[in-house]
Every structure is written in C-alpha cells, then in structure tokens.
Amino acid sequence: MNVHITGLGYGLPARRVTNEELAKTIDTTDEWIFSHTGIRARHIVGPEESSATLATSAAKMALARAGVKPEELGMVVVATSTPDYGAFPSTACLVQRDIGAVHAGAFDLFAACTGFIYALEAARSLMQNDLRPALVIGADVMSRITDWKDRNTCVLFGDGAGAAVLQASDRPGGIRHSILRADGKGAQALHHEGGCRTPQTGPWQGAYLQMNGRQVFNFAVKAFEEIVRDLIARQGITLSEVRWIVPHQANVRIIEAAARRLDIGLDRFFVNIGDLANTSAATVPMALEQLHREGKLQADDTVILAGFGAGLTWGGSLVQWQG
Ligand code: UT7
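Q: Which parts of the structure should I look at to understand the overall build of the chain?
A: Along the chain, the regular secondary structure elements total 10 helices and 13 strands. Rg of the C-alpha trace for the chain: 18 Å, near the compact-globule value of 20 Å for 323 residues, within the 12% margin. For the C-alpha atoms alone, the extent of the chain along its principal axes is close to 55 × 45 × 35 Å. Looking at the 323 residues of the chain, the share that counts as buried comes to 56%. Partitioning the contacts of the chain with sequence separation of at least 6, the portion at a separation of at least 24 is 77%. Side chains of the chain carry 30 positive and 33 negative charges; the gap between the two charge centres is 2 Å.

Below is the structure:
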C-alpha cells in the first residue's frame, strides 16, 4: 500500500506587506532585506484571521482538488508553532470542526519549520492502520509572535497555511521515504517563551520569538545538505534522478549555499520566498502547491521535500509524484 499526495491547497491573508512598508517603521531597507534573504514581501493576518482560519482555507482547497469529502477523512494533522489557543483545544480540532470532518481524529504537532515534514510522516504512518484519507496542514501566523520593533527578526517572517490530502492506493510511487531528526541541544538558538517554563506574568502574546540568526543559518545549511544526501543514499538513487527539491523557505542564501554544497544548479530548487517570506510550517506545502499549480510537476518526478528549524529539528521526504 502506497500513500499519495492527491490534493494541495493554500491559505494566505489578503494583506501584503512589502519591504518598503516595513522600512517606514523600522531601521531597514528593501535592499538590505532582499540582498540578505531574498524576501520582497510577506502576507500578514488581520484581526479576524488565525492559524485555524488560514488552515481551513487551505484544507478546503486541497480537499476539493483531491475530490475527497471532509466526512471521508480519517485524520487531520496540523503542524503549527502558533496554535489559536495557548494550550488547548488543538488547532486541528478547530479545522476538523470548520471543514466538517465528522469522522476524523485531529491533533496538532510541534516541530517548528520542520512541522509539515513531521506531520506528513505521522499521517502516512497512521494510514498503515487506517486506510481512509488524511489531511496534513502546515499553518503559522508568525506575525503574532514576532517583535515588530526587532529588525533582526521581523523582516524574515510571514503568515500562511498549506494543506495536502493523502490517499492510500496500490499505485506505485507516492511518499517513498522520510527522515526525521532532532537535536534539542540547539533549543536556545531559536525559541519562543510563554509556555509553562515561563512564570505567568502576562498574556501569552507578550512573548516574542528569539533567534541567533548566524547559528541557525549555519545549522540550516548543513542540515539541508544532510537530508538530501541521506534520502538519495537510502533510496539508492543519484541527485541527477531528483527533479525538484522543495525546501523550507527561510532564506534564499541557505538554499544557494546548500546548492553549492550539493553541486547542483539552483534551478532544481523551488523558491518562492520572495513574495511569502518564512511562514514556518507552511512554507513546504505552499511551495509544493505552487510548483504543482504552475504545471512544473510531471508524473513520476522524484521530489525531495526538506525542512529545518527550531528544536533544532530537520527532516525530509522523498516523493515519487503521481499527480
Ligand atoms: O526557519 C528558520 C528561521 N530562521 C532562519 O532561517 C534564520 C537564519 N539566519 C539568517 O537568515 C541570517 O542570519 C539573517 C538574515 C537573520 C541575518 O543575516 P546575516 O548576514 O547573518 O546578518 P547579521 O546578523 O550578521 O547582521 C549584519 C548587520 C548587523 O549590523 P552590524 O552589527 O554589522 O552593524 C545587523 O544589525 O545587519 C544588521 N541588520 C539589519 N540591517 C538592516 C540585521 N537585520 C537588519 C535589517 N535591516 N532588517
């Protein structure tokens, strides 16, 4: 039994904020942001939007494209670092309610920017016991945990959600192999306080993400290269057989550095960070959705999805695309 991605969707806030707009409120420039990250703009939620609302939009699109009814779903998994509620209910339960997945279980999964990769593998594994379709979502509203006065971090992030419908079938291909890795020794490199470790002195929203940019950058480049090399080694294929690498979109310079280390052209990587910035768990599914929407995926293409981020976590999935 193989598990295929049969529908993809995205959810983005309507409001788009350019680098020029940011430069009106903080000491930065479009030139600095673009040259250091590849980012030109990001989408930011309005007061009525949240991870659950973006995830629900993405989910409805993915289900319609897969031709799967919500009531057919066996599981809804949402990877997020910015759940609608501090502890519970899970964002997945809100999505399950709002799409009408009345027969599905639902849970959230925390693996930061690697979240979608973890969720994809969690759902794929669960489907070995329950053959019903599963919905896997990466959704984050980074703007709500970002300090908009800190130019070192606020220029990097955006809000969004990407969703994938998984279906079991005897057709060859689909999700062939996944690697999930973690190293909690790097926990402080990128963290967000406000959990039970922090004495409750104010609202959860008072905490902002904190990052050692250089440390995360260096980790990301090595982790990214490792994922790609391990996946192809385990599948016994060469890099020349991989049509697309769809990486977490954190910084185009991370992708360029990994391309140099892997000794392959940048044209084999799908990059859409320019308009969307780093949406954490949403980058990989939104990039895959755009790649598919633009008609760049052909049946039998070998695609590597790769994520890396806080935890530290990293991981990847090798997919033989069946369309
Ligand atoms: O999903 C994972 C999430 N995080 C990441 O992937 C982040 C990984 N790290 C990075 O992408 C890069 O380290 C950054 C983009 C965050 C920073 O780039 P960098 O080339 O490492 O710059 P830097 O931190 O070394 O800063 C260089 C200078 C500093 O000024 P001084 O101290 O040299 O005078 C910063 O204050 O650039 C300054 N700077 C800025 N200037 C204008 C930092 N942010 C900005 C800004 N606008 N937005």
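Q: How should the pairing of strand S5 (residues 105-109) be read in this particular structure?
A: When strand S4 (residues 75-79) meets S5, the two strands line up parallel, connected through five bridges. Counted as the bridge partner of Val76 is Ala106 from S5. With respect to chirality, the unit in which S4 leads through helix H4 (residues 91-99) into the neighbouring parallel S5 is right-handed.

Q: So what exactly am I meant to see when it comes to the packing of aromatic side chains here?
A: A ring pair, where both rings are aromatic, is described by two values, the distance of the centres and the angle of the planes. This model, assessed by the stated rule, comprises four aromatic pairs. Aromatic pair Phe224 and Phe269: ring centres 5.9 Å apart, planes at 90°, arrangement edge-to-face. Of this pair, Phe224 sits in helix H7 (residues 213-235) while Phe269 sits in the loop between helix H8 (252-262) and helix H9 (273-276), and the two are 45 residues apart along the sequence. Phe269 gets classed as buried once you look at its relative accessible area, which sits at 4%. Here the aromatic rings of Phe224 and Phe308 are separated by 5.5 Å at their centres, their planes lie at 35°, and the arrangement is tilted. Residue Phe224 is found in helix H7, and its partner Phe308 is found in strand S12 (residues 302-309); the two are separated by 84 residues along the sequence. Residue class for Phe224 comes out buried when judged on its relative accessible area of 0%. Every member of this aromatic cluster is reached through a ring pair, and the members are Phe224, Phe269 and Phe308. Of note, Arg40 hangs over the ring of Phe34, and the distance from its end group to the ring centre comes to 3.6 Å. Sitting over the face of the ring of Trp244, Arg243 holds its NZ or CZ atom 4.3 Å from the ring centroid.

Q: Could you clarify how one ought to interpret the site of the ligand in this entry?
A: Contacts to the ligand come from 22 residues, most closely from Thr28, Arg214, His248, Asn251 and Asn278. Trp32 places a polar side-chain atom, nitrogen or oxygen, 3.3 Å from an oxygen atom of the ligand. Side-chain polar atom of Arg253 to an oxygen atom of the ligand: 3.3 Å apart, as the coordinates give it. About the coverage of the ligand: the protein hides 74% of its 950 Å² of free accessible area. Secondary structure elements with two or more residues in the shell around the ligand: helix H2 (30-37), helix H6 (151-154), H7 and H8. Of the residues forming the shell around the ligand, the biggest block, four residues, is contributed by H7. Counted by class, the shell around the ligand contains 10 nonpolar, eight polar and four charged residues. Of the residues that make up the shell around the ligand, three or more belong to each of domain 1 (2-171) and domain 2 (175-269 + 278-320).

Reading the values: the criteria
Residues numbered from 1 in each chain as written. Predicted model: local features only at pLDDT ≥ 70, side-chain atom pairs only at ≥ 80, totals over all residues. Heavy atoms only, no water. Helix = DSSP H or I, 4+ residues; strand = E, 2+ residues; numbered from the N terminus. Rg over C-alpha atoms; globule rule 2.2 N^0.38 Å. Buried < 20%, exposed > 50% of the residue type's maximum accessible area, 1.4 Å probe, protein only. Contact = heavy atoms within 4.5 Å. Lys, Arg positive; Asp, Glu negative; His and termini not counted. Charge placed at Lys NZ, Arg CZ, Asp CG, Glu CD. Pairing = 2+ DSSP bridges. Right-handed = clockwise from strand over helix to strand, strands pointing away. Phe/Tyr/Trp six-rings, centres within 6.5 Å; stacked < 30°, edge-to-face > 60°. Lys NZ or Arg CZ within 6 Å of the ring centre and 35° of its normal. Near = heavy atom within 4 Å. Polar contact = N/O pair within 3.5 Å; in protein donor to acceptor, adjacent residues only side chain to side chain. Areas by Shrake-Rupley, 256 points an atom, 1.4 Å probe, with all protein chains shown as cover. Nonpolar A, V, L, I, M, F, W, Y, C, P; charged D, E, K, R; others polar. Domains from an automatic or database assignment.

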